[in-house]
Amino acid sequence: MMLIDLAARSLWNRRGLALVTILSIALSVVLLLGVEKVREGTRASFAGTVSGVDLIMGARSGGLQLMLYSVFRIGDAPNNFRWNTYLEFADRPEVEWMIPISLGDSHRGYRVVGTDGNFFEHFQYRDGRGVVFASGVPFQGLFDVVLGANVASQLSYRLGDTILINHGLGTEALAEHAERPFVVTGILEPTGTPVDRSVHVSLEAIEALHVDLAPEAAASPSAALTAMDLTPTTITAALVGLRTPLDTFALQREINQYAGEPLSAVLPGFGLLELWSILEIAESALRIVSAIIVAVSIVGMATILVSILSQRRREMAILRSVGATPLHISLLLLFESVLLAALGTAVGVAGAFAVLVLARPYIERTYGLYLAFGGVGWWEAFLLLLVLTAALIAGLIPAWRAYRQSVADGVSPID
Amino acid sequence: MAIPSLNVERGGKLFISGPSGSGKTTLLNLAAGLIVSKSGRIMIGDRDMAKLSGGARDRLRADAIGLIFQQLNLIPYLSPVQNVCLSTRFSRARHARAGTDPVKKARELLGAMGMHGTVVEGRAAELSIGQQQRVAAARALIGQPTLILADEPTSALDGLSRDQFMTLLFSQAEECGAAVVMVSHDLGLAANFDTMVQLQDIATFGGHHDAD
C-alpha cells in the first residue's frame, strides 16, 4: 500500500531519530527475550541436573533444601545420616542402585564430593545421559580424584597432577591437608550440571581427610592411612534408583518414618515444583521490569513522533492538497509507529540471538547455566506480538494528534 | 467579505488580484473546499463544495482540483516524479485519467516542463525553486483535473523563470483542458489571462460565489 511506502520514506528522511527509536525498542526487546531465555535456561538447567533418580534421601529437612544441597550443591546439609542406614536401604529388594554423596570439603572453591563407583555407573542428567570420561578412569585408590570439566579447565589440571583438598568450604584453606595430596586420575566431559564444578573422591578419602594422625604416623601419612579402616560412619545424601517407580511413594514414606534416625526423602519432580514456585517470584519481577522497559521505549517512540508533528505541518498540508484526507494522514503516522516498532523488534530479535551466542560460553562457564539456542518459540512470538500491539496502541496518539492537526491546518498552515 | 458571483469556464483562465490581506487566499481555500463558508455556493462542475461532507470534499478536491502554492510545494524526501504521482495516489479518477502508467505520465509532464533525466529522480529538496514550482505544476496537472488553483505560484521566482513557468503552465493546462484560477498581487501576470478581476471590485456583502 502506498501509505506504507510513504511512511517508510518519511522515516528514512528522519533516519537519525528513527535509528534512536529503533535501537531503544531493540534493546528493550533484547532484554525481554534475554529474560525469557535465562528463565528457560535456568529451569532446563535445574530440571536437567538430575535424571532417572526416583528419590533423594538425606537427614531430616525440607524437600527443597535436601534437593538444593544434594544435587544442586547450593547451601549446606543440616546433618549427615549413618552409613549403616544407607546400607540398610541399599539392600532392600525394590532398590536397584543407590549413589552415596558425602559433602563438606572443598578444593579452591570447588566442592569435593565423596561417592563411590555407582556414581559413574548410574548417575544421569538431562534425558538420561550418563557421565563420560574426557580422559582417565574412575578413582581406584584412596588418593585418586576425578575432576568435573570446569574444575579441570579453570584450574588447568591434567591427568597425574596432584591437588590438595581443604576441610570446609572456604576458598582459602582453613587447614590444608598438605600431607595428603590427591592425584588426578580422571577428568569428565562437560555436562552443564554442578558435576562440572565438583571434585570427586571416594567416601574413604573423605574419612581420611578428617583423621587426626598420631605424630609418629605423620612421617608417612599415606602409608598409615591406607592401612586404616576408613569405612565411612556417616554420609550426607543418597540418590536412589528403584526397579519400578511404583514403589516410590511407599519407600518415601518408609524413609520419612524411619525409626533409627530422622530422615527425609524427596521425589526430584516434587522438589523442582517447589523450586519453580520460589523462582517464579524472581521471574515475575524480571518480567515486570522488562515489560516496563519495553513500555518506556514504546512511549518514547510515540513521544518523538508527536514532538516532530509540528515540524511536519507543511508535509501534511501538501499531502492534504493532493487529496489525502485527515484519515490518510493519521494512518501514515500509525504506519510509521508500526514500522519503527517492527524494525526495532526485528533488530532486537537478531540482537538477542547475537548476545546469546556471544555470552553463552561465559554464562556456562561462570554460572553453569546452559542457555538453549532454540529459535523464537510460540511464547516469544506471542511476546513480540504484544510489543507490536503495544506500539500500535501507542501509535494511536501521534496518529490522533496528526488527524487533529491536519483538520485544523488544512493545506495552509503557514498563513 | 462576500462575492455575488464569480465564474470561470472549463479551460478558462481567471486572474484574481488584490492587495495582501484582501482575502485572495481565503477565496482559493473556499474554492478548494479547505474552508467551508456558512452560506453561499461553490460549484465545481455540478457539485456544491459547500454542501459536501468533509470526506466528499477531500475526494472532490483530489479528483478535480490541482493546487499550486507560493513555495514549499513538494515533499522533500520524495523525488520529483514521486511528488507528481502523489496526485494519482489519492484519487482513483486521476490515476485512471493519467493512463496505464502514471510514472511514465509524470515523466512526460516533467519533460514538457523542461525537466529531464536524473534531475526528476533525485530528491525534490535539491531542486531550485523554479524547478520546484514546475514540479508542483506538473503535479497539479497530472490526471486531467478540471480546475487548477494557484496561489501566487511565481512570487518566489525571478522574471525569466516566472515567464517560463507561466508559459509552461498555460500550455499544459490547455492540453488537459483545465481551467486556471490564479490569485496574485503581481498585475504583470494578468496579460496572459482571459479574465482579470480585482477582488476589492467584486467583493461586497451578501450574495454567493460560483466557480465552474
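What counts, and where the lines are drawn
Within every chain, residues take consecutive numbers counted from 1 along the sequence as written. Chain labels run from A onward and ligand labels from 1 onward, assigned in the order the entries are written. Under the rules for a predicted model, residues below a pLDDT of 70 receive no local features and side-chain atom pairs below 80 are neither given nor counted, while totals for whole chains, interfaces and linings still include all residues. Think of the side-chain values as coming from all heavy atoms in the structure, minus any hydrogens and water. Residue contacts follow a heavy-atom distance rule, with two residues in contact if any of their heavy atoms lie within 4.5 Å. Buried surface area refers to the total accessible area, computed with a probe of radius 1.4 Å, that the two partners give up upon joining, counted for both partners together. Any carboxyl oxygen of Asp or Glu within 4 Å of a side-chain nitrogen of Lys or Arg constitutes a salt bridge here. Under the scheme used here, helices are H or I runs from DSSP no shorter than 4 residues and strands are E runs no shorter than 2 residues, and both carry numbers assigned from the N terminus. Here the term charged refers only to Asp, Glu, Lys and Arg, the term nonpolar to Ala, Val, Leu, Ile, Met, Phe, Trp, Tyr, Cys and Pro, and the term polar to all other amino acids, Gly among them. Strand pairing requires that DSSP identify at least two bridges connecting the strands. Axis lines are fitted through C-alpha atoms, for helices just across the contact stretch, and the angle between N-to-C directions can take any value from 0 to 180 degrees. Relative accessible area decides the class of each residue, using a 1.4 Å probe on protein chains only: under 20% of the type maximum gives buried, over 50% gives exposed, and in between gives partly exposed. Pairs of N or O atoms are called polar contacts if they sit within 3.5 Å, as long as, within protein, a hydrogen donor faces a hydrogen acceptor (for residues adjacent in sequence, only side-chain-to-side-chain pairs). When two rings of Phe, Tyr or Trp (its six-membered ring) have centres within 6.5 Å they constitute a pair, described as stacked for plane angles under 30 degrees, edge-to-face for angles over 60, and tilted for the intermediate range. A positively charged side chain is recorded as over a ring if its NZ (Lys) or CZ (Arg) lies within 6 Å of the ring centre. The angle to the ring normal must also be within 35 degrees. Where each domain starts and ends follows an automatic or database-derived domain assignment. Within this scheme, the nonpolar core is defined by two criteria: the residues are buried Ala, Val, Leu, Ile, Met, Phe, Trp, Tyr or Cys, and they are joined through side-chain atoms within 4.5 Å.

Observations regarding the interface of chain A and chain B
- On the side of chain B, 22 residues touch chain A, which itself brings 25 residues to the contact.
- Between chain A and chain B, roughly 2100 Å² of surface is buried when both sides are summed, and carbon and sulfur atoms account for 62% of that area.
- The largest share of the area that chain A buries against chain B comes from A:Met2, A:Ile318 and A:Val322, three residues that together contribute 26% of it.
- Where chain A touches chain B, the interface holds two salt bridges.
- Here B:Arg89 makes a salt bridge to A:Asp5, at a shortest N to O gap of 3.2 Å.
- Counting only elements with at least two residues in the side of chain A that touches chain B, the list comes to helix H1 (2–13), helix H11 (313–321) and helix H12 (326–367) of chain A.
- When residues in the side of chain A that touches chain B are grouped by element, the largest group, seven residues, is from H1(A).
- Residues that form the side of chain A that touches chain B fall into these classes: ten nonpolar, seven polar and eight charged.

Structural notes on the environment of A:Ala238
Residues and elements named next belong to chain A.
- Relative to the assigned elements, Ala 238 resides in strand S14 (residues 237–242).
- With 136 residues separating them along the chain, Ala 238 and Ser 102 place their C-alpha atoms 8.6 Å apart.
- For Ala 238, the contacting residues outside a window of four places in its chain are Leu 55, Ile 56, Met 57, Phe 81, Tyr 86, Met 98, Ile 99 and Pro 100.

Re the sheet that holds strand S6 (residues 179–184) of chain B
Residues and elements named next belong to chain B.
- The parallel open sheet is built from five strands, whose spatial order is S4-S5-S6-S1-S7. The outermost strands of the open sheet, each flanked by one partner alone, are strand S4 (65–68) and strand S7 (195–198). Averaged over neighbouring strand pairs, the angle between their axes works out to 15° when direction is ignored.
- Note: S4 against strand S5 (residues 147–151), four bridges, orientation parallel.

Let's talk about the side chain of A:Thr49
Residues and elements named next belong to chain A.
- Relative to the helices and strands, Thr 49 resides in helix H2 (residues 15–49).
- The buried category is assigned to Thr 49, whose relative accessible area is 3%.
- At 2.7 Å, the side chain of Thr 49 and the backbone oxygen of Ser 45 are in polar contact.

Overview of the packing of aromatic side chains
- Taken as a whole and judged by the stated rule, the model has 13 aromatic pairs over all chains.
- Note on A:Trp400 and A:Tyr403: the rings are 5.9 Å apart at their centroids and 10° apart in plane angle, and the pair reads as stacked. Placement of both A:Trp400 and A:Tyr403 in helix H13 (residues 378–409) is noted, with a separation of three residues, approximately one turn of the helix.
- Taking relative accessible area as the criterion, A:Trp400 reaches 48% and is therefore assigned partly exposed.
- A ring pair is formed by B:Phe170 and B:Phe193, whose centres lie 4.9 Å apart and whose planes are at 80°; its orientation type is edge-to-face. Highlighted residues: B:Phe170 in helix H7 (residues 159–176) and B:Phe193 in the loop between S6 and S7, separated in sequence by 23 residues.
- Every member of this aromatic cluster is reached through a ring pair, and the members are A:Phe119, A:Phe120, A:Phe123, A:Phe133 and A:Phe139.
- The ring of A:Trp12 has A:Arg15 sitting right over it, with the charged end atom 4.4 Å from the ring centre.
- Lying over the aromatic face of B:Phe69, A:Arg314 brings its terminal NZ or CZ to 4.9 Å of the ring centre.

Considerations on the domain arrangement of chain A
Residues and elements named next belong to chain A.
- With domains assigned, chain A is organised as domain 1 (2–46 + 281–411) and domain 2 (55–266).
- Between the C-alpha centres of domain 1 and domain 2 there is a distance of 51 Å.
- Across the contact, seven residues belong to domain 1 and seven residues belong to domain 2.
- With both chains or domains summed, domain 1 and domain 2 bury close to 580 Å², and 52% of this area falls on carbon and sulfur atoms.
- Linking domain 1 to domain 2 there are zero salt bridges.
- If you look at where domain 1 meets domain 2, you find zero residue pairs in polar contact (both at pLDDT 80 or more).

Some details on the nonpolar core
- Judged by nonpolar contacts, the single largest core of 47 residues is most densely connected at A:Leu6, A:Leu319, B:Leu86 and B:Phe90.
- Contributions of two or more residues to this core are made by H1, H2, helix H10 (268–307), H11, H12 and H13 of chain A.
- Excluding residues within four positions of it along the chain, B:Phe90 makes contact with A:Met2, A:Leu3, A:Leu319, A:Val322, A:Gly323, A:Ala324, A:His328 and B:Ala62.
- Within the second largest apolar cluster, 38 residues are counted, among which are B:Leu74, B:Leu110, B:Ala140 and B:Cys176.

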